[in-house]
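Examination of the molecular architecture
Take a look at the letters that make up each chain.
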Amino acid sequence: MLSEGFVAREYQKKIAEVATSTNTLVVLPTGLGKTIIAVMVAAEVLKRAPGSKVIVLAPTRPLVLQHLKSFTAELKLPQGSMVALTGTVDPGERELLWMKARVVFATPQTVYNDVQHGRISLRDVALAVFDEAHRSVRDYTYTKLASAYRETATSPLIMGLTASPGASKEKVNEIKRNLFIEAVEARNEESDDVKDYVEKTNVEAIRVRVPDEYYETTLRLRELYNDKVKKLLAGGFLRSNRVSKKALLDARSAISARLKSAQASGGQKGYIFGAIINQAQAVAILHALEMIETQGSGPTVRYLEKMRERQDKGKAISSLLRDEKWLRVEEEAAKIVQVPHPKISVMLDIVRTQLARKHDARVIVFTQYRDTIEDIVRALDSAGYSARRFVGQADREGSKGMDQQTQTRTLEEFREGEFRVLVSSSIGEEGLHVPDVDLVVFYEAVPSEIRYIQRRGRTGRTTEGRVVILLAEGTVDESYYYSTLMKENRMRELVKQTNQKPGGKRRSKEPTLLDFA
């Protein structure tokens, strides 16, 4: 059933052996062949259960199509036995394709909707592969689909694939619980059976000084922000005046709980409504502060303009826009709109050096803001470097989205060397198959160890790779960077402890959760 030229590495064989009989979470660095392991397990399952099906799930349509392409190259099945089902396929056609197929590649929402509407049954599915399994938390569709599959299938077998399950034992245990995982097969770059296949990736952090011209704008934003935080502290909605963005967002839950309690008891509610406004304003102010410090004056001014132009501002933002202190922020920001963030010139120098060293090098620049993507592409084009953007489908003000056809075509052209620099939003972090990227630039640090690992994993696959992370000095960039390194180290230790062989009957009702005390 596997193609004639199929070759598996020893660690892939070992992992596949476990995964063919046990619900398994596979944790393997990007580029080390998680898909190949899934192909091996699928082939074995289909061979031992001739009338069964396999479903391979991925969170986006480009990833679904990528898996279809990979499986088609490695698995010998009759034509039409492997199909992709996404929301773009008519429901009636999906039902027919499902009936005929042996291996189905799909987004989880599509399969779950079809199950709910009775168009398909999971009864004969002998293997469900959940790619990017770290998403199997809270109410993401993977969770509901795994539960439905386990309850319906005659002989369910689950396989989760991820490069980074997360840095907390709570999250890893939640993934295991939601996917009914009994065995974790994990490797990192230093594992004995993996290290010979790993290319070296050099990671370098470059600190960039925030321009002096930004001082007045950042000062006024900090004053406004501190005023809102003090009010939330006084109301008991925050625990410390050292407030992270996460703590600020979590404060909304605390405020909502207090409001619910006051409404039930008939208590005082006025100060709680005030807290709702202060929290919403603090989030908007903090975002503007992060924009000016880590992205620059241009993206910040555009953010301020969009806030004012929005039709659905809400009470909190409408009130903020009338605040004299906020009006001063807008005035100060407008004065410096022509002062670019030095990250732009540093990024250009890094790209210039890379392309001088290797003229056919491929470079990916990651940033999480659309406005910054447009600025980076313009700067690269002006400097004479061929660059394209890579963004999601949704349109943003001043930035048109890319449909999936355009995304696929852009990646193909990048692979073929038609342009040298891909400037990508977060959509390029997850599952982007671009071989031999020589350099990855983080335009800003990211707070998530999962996103950090995914970005870094775009290079160092088949040749030595390089990662450069730009950090605005004294800003949230530095906090995120060190926090992410700490989380990644914690995740490595956690994965080591979690990497245990199955010790009981497969598909038990409750998977064993590890006690890391």
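The structure under discussion appears in the preceding block.
Residues numbered from 1 in each chain as written. Predicted model: local features only at pLDDT ≥ 70, side-chain atom pairs only at ≥ 80, totals over all residues. Heavy atoms only, no water.

1. Re the nonpolar core
Selection rule: The criterion is simple. A nonpolar core is a set of buried Ala, Val, Leu, Ile, Met, Phe, Trp, Tyr and Cys residues joined through side-chain atoms within 4.5 Å. Relative accessibility decides the category of a residue: with a 1.4 Å probe and only protein chains considered, values under 20% of the type maximum give buried, values over 50% give exposed, and everything between is partly exposed. Secondary structure counts use DSSP, requiring at least four H or I residues in a row for a helix and at least two E residues in a row for a strand, with both numbered from the N terminus.
One finds Leu122, Met347 and Leu380 to be the most contacted residues of the largest nonpolar core, which totals 83 residues. Looking at this core, the element that brings in the most residues is helix H14 (residues 343-357), giving six residues. In terms of nonpolar packing, the next biggest core, distinct from the first, is built from 39 residues, Ala16, Val26, Ala58 and Val129 among them.

2. Overview of the sheet that holds strand S3 (residues 82-85)
Our working rule: Here the rule is simple: two strands pair whenever DSSP picks up at least two bridges between them. What counts as an axis is a line fitted to C-alpha atoms, over the stretch in contact for a helix, and the angles between N-to-C directions run from 0 to 180 degrees.
Reading across the sheet, the seven strands line up as S3-S4-S2-S5-S6-S1-S7 and stay open at both edges, with parallel pairing between neighbours. Since the sheet does not close on itself, it has two edges, and those belong to S3 and strand S7 (183-186), each with one partner. Ignoring strand direction, the axes of neighbouring strands in this sheet form an average angle of 15°. Examined bridge by bridge, strand S5 (residues 125-131) and strand S6 (residues 158-162) share four bridges and lie parallel to one another. Across the sheet, the residue bridging to Asp131 is Leu161, located in S6.

3. What about the pattern of salt bridges?
Spelled out, the test is: By convention in these notes, a salt bridge is any Lys or Arg side-chain nitrogen within 4 Å of a carboxyl oxygen on Asp or Glu.
Counted under the stated rule, the structure contains 38 salt bridges. The salt bridge partner of Arg119 is Asp114, with a shortest N-O separation of 2.8 Å. Note that Glu444 is salt-bridged to Arg455, the shortest N-O span being 3.1 Å. Of this pair, Glu444 sits in the loop between strand S12 (439-442) and helix H17 (449-456) while Arg455 sits in helix H17, and the two are 11 residues apart along the sequence. Each of the two residues, Glu444 as well as Arg455, counts as buried.

4. Examining the environment of Val7
Position of Val7 relative to the elements: it lies in the segment before helix H1 (10-19). For the pair Val7 and Ile36, spaced 29 residues apart in the sequence, the C-alpha separation amounts to 9.2 Å.

5. Examining the environment of Gln12
Note the cut-off: The contact rule is simple, with two residues in contact once any of their heavy atoms fall within 4.5 Å.
One can find Gln12 in helix H1. Taking the relative accessible area as the measure of exposure, Gln12 reaches 4% and is therefore buried. Between the alpha carbons of Gln12 and Thr35 there is a distance of 9.8 Å; along the sequence they are 23 residues apart. Residue contacts for Gln12: discarding those within four places in its chain leaves Leu32, Gly33, Ile36, Ile37 and Met40.

6. Some details on helix H12 (residues 314-322)
Test applied: Summarising the geometry, the arc corresponds to the directions from the helix axis toward the C-beta atoms.
The complete set of buried residues in H12 reads Ala316, Ile317, Leu320 and Leu321. All buried residues of H12 fall inside an arc of 130° around its axis, so they share one side. Residues Lys315 and Arg322 are exposed on H12 and point more than 90 degrees away from its buried face. Buried residues along H12 sit against helix H10 (270-294), helix H11 (297-309) and helix H13 (324-335).

7. A closer look at helix H16 (residues 404-415)
Here is the rule we go by: Residue count minus one, scaled by 1.5 Å, sets the expected span of a helix. Counted as a polar contact is a pair of N or O atoms within 3.5 Å, where, for protein atoms, one must be capable of donating a hydrogen and the other of accepting one, and residues adjacent in sequence contribute only when both atoms are in side chains.
Taking 1.5 Å of rise per residue, the 12 residues of H16 would be expected to cover 16 Å, and the 17 Å separating its terminal C-alpha atoms lies within 8% of that figure. All of the buried residues along H16 are Gln404, Gln407, Thr410, Leu411, Glu413 and Phe414. In this structure, the buried residues of H16 make contact with helix H3 (61-74), strand S9 (363-366), strand S10 (387-390) and strand S11 (421-424). Between the side-chain oxygen at the start of H16 and the backbone nitrogen of Gln405 there is a gap of 3.2 Å, and the oxygen is on Asp403.

8. Notes on empty space enclosed by the protein
Heads up, the rule is: Residues are said to line a cavity or pocket when one of their atoms sits within 4 Å of a point; the points come from a 1 Å grid over protein atoms alone, cavities being sets where a 1.4 Å probe fits but cannot get out and pockets being open sets with protein on both sides within 12 Å along at least five of seven lines. Grid points are joined across faces, edges and corners, and a volume is the space filled by probe spheres set on the points.
A complete count under the given rule lists one cavity of 30 Å³ or more for this structure. Considering only enclosed or pocket space, the largest cavity measures out at about 40 Å³ in volume. Lining the largest cavity, in full, are Glu290, Thr294, Gln368, Tyr369, Glu444, Ala445, Val476, Asp477 and Tyr480. The set of elements that each furnish at least two residues to the lining of the largest cavity consists of H10 and helix H18 (476-498). Per-element tally for the lining of the largest cavity: the top contributor is H18, with three residues.

9. Examining the packing of aromatic side chains
In plain terms, the rule: Each aromatic pair joins two rings of Phe, Tyr and Trp (for Trp, the six-membered one) with centres within 6.5 Å, and gets the label stacked for planes under 30 degrees apart, edge-to-face for over 60, and tilted for any other angle. In our convention, an over-ring charge means Lys NZ or Arg CZ found within 6 Å of a ring centre and within 35 degrees of that ring's normal.
The final tally for this structure, using the stated rule, is eight aromatic pairs. Between Tyr11 and Tyr197, the aromatic rings sit 5.6 Å apart at their centres with planes inclined by 65°, giving edge-to-face as the arrangement. In this pair, Tyr11 is assigned in helix H1 and Tyr197 in the loop between S7 and strand S8 (201-208), connecting sequence segments 186 residues apart. Looking at Tyr11, the relative accessible area reads 0%, which means it is buried. Residue Tyr197 is classed as partly exposed on the basis of its relative accessible area, which comes to 35%. Among the aromatic residues, those joined into a ring-pair cluster are Phe130, Tyr140 and Tyr142. The ring of Tyr443 is capped by Lys343, whose NZ or CZ atom sits 5.3 Å from the centre of that ring. Above the plane of the ring of Phe442 lies Arg455, whose end atom (NZ or CZ) is 5.1 Å from the centre.

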